[in-house]
Amino acid sequence: MTGLLLALTLASPAHAWTDLGEKNGCAFSKQEEGDIVAMRAQCTWDLPADKVIAWMGDWNKHGELFGSVASSKVLGSLQGGKGKVMQVHQASGISDREVVMDVDREDIPGGIRITHSKSADQSALSGERVEVGRDDGLWEIVSTADGGCTVLYELRYDPAGKVPGFMVKWFQGSGFKTMLDELKAKASS
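Residues numbered from 1 in each chain as written. Predicted model: local features only at pLDDT ≥ 70, side-chain atom pairs only at ≥ 80, totals over all residues. Heavy atoms only, no water.

Caption draft 1: Expanded view of the nonpolar core. Formed by 36 residues in total, the largest nonpolar core has its most connected members in W45, V52, W139, V151, L180 and L183. Residues within four places of W139 in sequence aside, it is in contact with M56, F66, I112, R113, I114, V151, L152, Y153, L180 and L183. (Core = buried A, V, L, I, M, F, W, Y, C linked by side-chain atoms within 4.5 Å. Buried < 20%, exposed > 50% of the residue type's maximum accessible area, 1.4 Å probe, protein only. Contact = heavy atoms within 4.5 Å.)

Caption draft 2: Representation of the packing of aromatic side chains within the structure. Enumeration over the complete set of coordinates arrives at four aromatic pairs. Centre to centre, the rings of F66 and W139 are 6.4 Å apart; their planes meet at 25°, and the pair counts as stacked. Of this pair, F66 sits in the loop between α3 (62-65) and β4 (69-75) while W139 is found in strand β9 (residues 134-143), placing the two residues 73 residues apart along the sequence. The class for F66 is buried, based on a relative accessible area of 3%. Taken together through their ring pairs, the aromatic side chains of F28, F66, W139, Y153 and F176 make up a single cluster. Here R40 stacks its cationic end above the ring of W17, 4.0 Å away from the centre of that ring. One cation-aromatic arrangement involves K61 over W55; the distance from NZ or CZ to the ring centre is 5.5 Å. (Phe/Tyr/Trp six-rings, centres within 6.5 Å; stacked < 30°, edge-to-face > 60°. Helix = DSSP H or I, 4+ residues; strand = E, 2+ residues; numbered from the N terminus. Lys NZ or Arg CZ within 6 Å of the ring centre and 35° of its normal.)

Caption draft 3: Region of the structure containing the pairing of β9. Counting buried positions along β9 gives eight out of ten residues, so the element sits mostly inside the fold. Both strand β7 (residues 111-118) and β9 contribute to a ladder of six bridges, which runs antiparallel. Opposite I112, over in β9, you have I141 as the bridge partner. Here ten bridges tie β9 to strand β10 (residues 149-158), and the two strands are oriented antiparallel to one another. Its bridge partner lying in β10, V142 is registered against T150. Between β9 and β10, which pair antiparallel in sequence order, lie five residues; one of them, G147, sits at a positive phi of approximately 90°. (Pairing = 2+ DSSP bridges.)

Caption draft 4: Structural detail: the environment of T178. By secondary structure assignment, the location of T178 is in helix α4 (residues 165-188). The partly exposed category is assigned to T178, whose relative accessible area is 30%.

Caption draft 5: Representation of helix α2 (residues 49-56) within the structure. Along α2, the residues that are buried comprise A49, V52, I53, W55 and M56. Seen end-on, α2 carries its buried residues on one side only, within an arc spanning 160°. (Arc of directions from axis to C-beta.)

Caption draft 6: Main features of the pattern of salt bridges. According to the stated counting rule, one finds eleven salt bridges in the structure shown. D102 serves as the salt-bridge partner of K84, at 2.5 Å between the closest nitrogen and oxygen. Here the residue K84 occupies a position in strand β5 (residues 82-89), and D102 occupies one in strand β6 (residues 97-108), the gap between them amounting to 18 residues. The class for K84 is partly exposed, based on a relative accessible area of 27%. Judged by relative accessible area, which is 27%, D102 ranks as partly exposed. One salt bridge connects R134 with D136, and the closest N-O pair in it is separated by 2.7 Å. Relative accessible area serves as the criterion here: at 26%, R134 is assigned to the partly exposed category. For D136, a relative accessible area of 12% puts it in the buried group. Residues joined by salt bridges that share partners form a network here, namely R40, E154 and R156. (Salt bridge = Lys/Arg side-chain N within 4 Å of Asp/Glu carboxyl O.)

Caption draft 7: Fine view of the state of the cysteines. All told, the structure shown has one disulfide when counted by the stated rule. In this model, C26 is linked to C43 through a disulfide, with the two sulfur atoms separated by 2.1 Å. Where C26 bonds to C43 through sulfur, the torsion about that S-S bond is close to 105°, and the disulfide is right-handed. Here C26, found in strand β2 (residues 26-33), pairs with C43, found in strand β3 (residues 36-45); they are 17 residues apart in sequence, far enough to count as distant. When sorted by exposure, C26 lands in the same class as C43, which is buried. This cysteine, C149, is not joined by any disulfide, and C43 carries the nearest cysteine sulfur, 8.5 Å off. A relative accessible area of 0% places C149 in the buried class. (Disulfide = S-S within 2.5 Å.)

In structure tokens form, the structure reads like this:
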């Protein structure tokens, strides 16, 4: 139910999405939400959905998958597709961030939906890094009739702490796109 509520929250914007262009089979857009800028990618890839799902669904491998994730560890287990994941995020020029997220994975027709949000319980954090202010995401990976897949990714992220404006703008531009490129490259290998 939490995943459904988050998905509905992410999918029902209060403001219009602004087109940011296309790259490598993905159309990118953003939405201003006060101090948070929501990012969206809608991709059509000539890759089997199961290969993309294998990478996205294994949270312990997100440190290998994404250059901005220094480490990712499932806390306990993801019983029934639900559980907690602790991640350390890194970007050149700023202090590392850390967050514990509630993760929910559910089957949808032809694929999966994965939602994550910052957990109310941050007790597993080391305290040696800046605690992320917000980390809400939605992934939908669905098979297409031609053997490819569609990927929808939405993210609302607040790094908290002191982050220069140019770093935030970089992530909203090339950093977000790089994450999709990294996923596509791993699923292609």
